[in-house]
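# Structural overview for review
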Amino acid sequence: MMSRLLYLILGFSCVGLAALGVFLPVLPTTPFLLVAAACFAKSSTRCYNWLMQNKVFGPLLQQWQQHRCIPLKAKRIAVTSIILFGGYALLFVVPTLTGQLLTGLLLLVGLVVVLSIKTCP
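Model, not experiment: these values are computed from the prediction.

What counts, and where the lines are drawn
- Residues numbered from 1 in each chain as written.
- Predicted model: local features only at pLDDT ≥ 70, side-chain atom pairs only at ≥ 80, totals over all residues.
- Heavy atoms only, no water.
- Helix = DSSP H or I, 4+ residues; strand = E, 2+ residues; numbered from the N terminus.
- Buried < 20%, exposed > 50% of the residue type's maximum accessible area, 1.4 Å probe, protein only.
- Contact = heavy atoms within 4.5 Å.
- Areas by Shrake-Rupley, 256 points an atom, 1.4 Å probe, with all protein chains shown as cover.
- Axes fitted to C-alpha atoms, helices over the stretch in contact; angles between N-to-C directions.
- Parallel < 35°, antiparallel > 145°, perpendicular 65-115°, else oblique.
- Nonpolar A, V, L, I, M, F, W, Y, C, P; charged D, E, K, R; others polar.
- Disulfide = S-S within 2.5 Å.

Scanning the protein chain for helices and strands turns up six helices and zero strands. Listing the helices and strands of the protein chain from first to last along the sequence gives α-α-α-α-α-α. In terms of principal-axis extent, the alpha carbons of the protein chain reach across some 45 × 40 × 20 Å. A total of 121 residues make up the protein chain; the buried ones form 36% of that total. Sequence separation of at least 24 residues holds for 61% of the intrachain contacts in the protein chain that already meet a minimum separation of 6. Accessible surface computed for the protein chain: about 8000 Å², of which carbon and sulfur atoms make up 72%.

Given below as structure tokens:
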């Protein structure tokens with residue numbers, strides 16, 4: 001009983017982080033969605049079905065589940081967001097050199113991960 005509740009909480013937390021990841025280049029959307037789907041699969045068929053049929057996240061999850069790839073449009077949006085918003089943060093938001101180096105490293109890791117994932121045909 002308790003593990004079901006923890007999976008639900010973690011699932012919804014990951015959906016929230018994925019939603020933030022749509023707008024924040026440092027947070028990757030897809031991994032959070034994959035964790036959320038796994039948590040919902042272990043805790044709630046209803047929540048799992050909701051996520052898989054969601055207009056925004058469902059197609060991305062279904063393509064990942066079936067083909068282990070992400071659409072070209074999603075990849076372009078991710079790369080553009082990382083470069084534009086991440087670059088803005090590096091230049092104008094993060095005040096210290098240490099913070100800029102860490103932010104740059106996180107952005108670089110995110111960029112490498114996105115670019116290394118297979119693009120759907």
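That was the structure; now back to the text.
The next point concerns the packing of helix α2 (residues 29-43) against helix α4 (residues 58-67). Think of two packed helices as two axes; the pair is described by the angle between the axes and how far apart they sit. For the pair α2 and α4, interaxial distance at closest approach is 11 Å and the crossing angle is 80 degrees. Between α2 and α4, the interaxial angle falls into the category roughly perpendicular. The residues of α4 that touch α2, namely those facing Thr30, Leu33, Leu34 and Ala37, are Leu60, Leu61 and Trp64. Partitioned by chemical class, the residues of the contact of α2 with α4 number six nonpolar, one polar and no charged.

On to the state of the cysteines, then. Note on terminology: a disulfide is the covalent bond linking the sulfur atoms of two cysteines. Taken as a whole, this structure holds one disulfide when the rule is applied. The disulfide bridge from Cys69 ends at Cys120, spanning 2.0 Å between sulfur atoms. As the torsion about the S-S bond is roughly 100 degrees, the Cys69-Cys120 disulfide counts as right-handed. Here Cys69, found in the loop between α4 and α5 (72-93), pairs with Cys120, found in the segment after α6 (97-116); they are 51 residues apart in sequence, far enough to count as distant. The same class applies to Cys69 as to Cys120, namely buried. Here Cys39 stays unpaired: no disulfide links it, and the sulfur of Cys14, its closest cysteine neighbor, is 5.7 Å away. Owing to a relative accessible area of 4%, Cys39 belongs among the buried residues under this scheme. Between Cys47, a free cysteine, and Cys39, which holds the nearest cysteine sulfur, the sulfur-to-sulfur gap is 11 Å. With relative accessibility at 14%, the residue Cys47 sits in the buried group.

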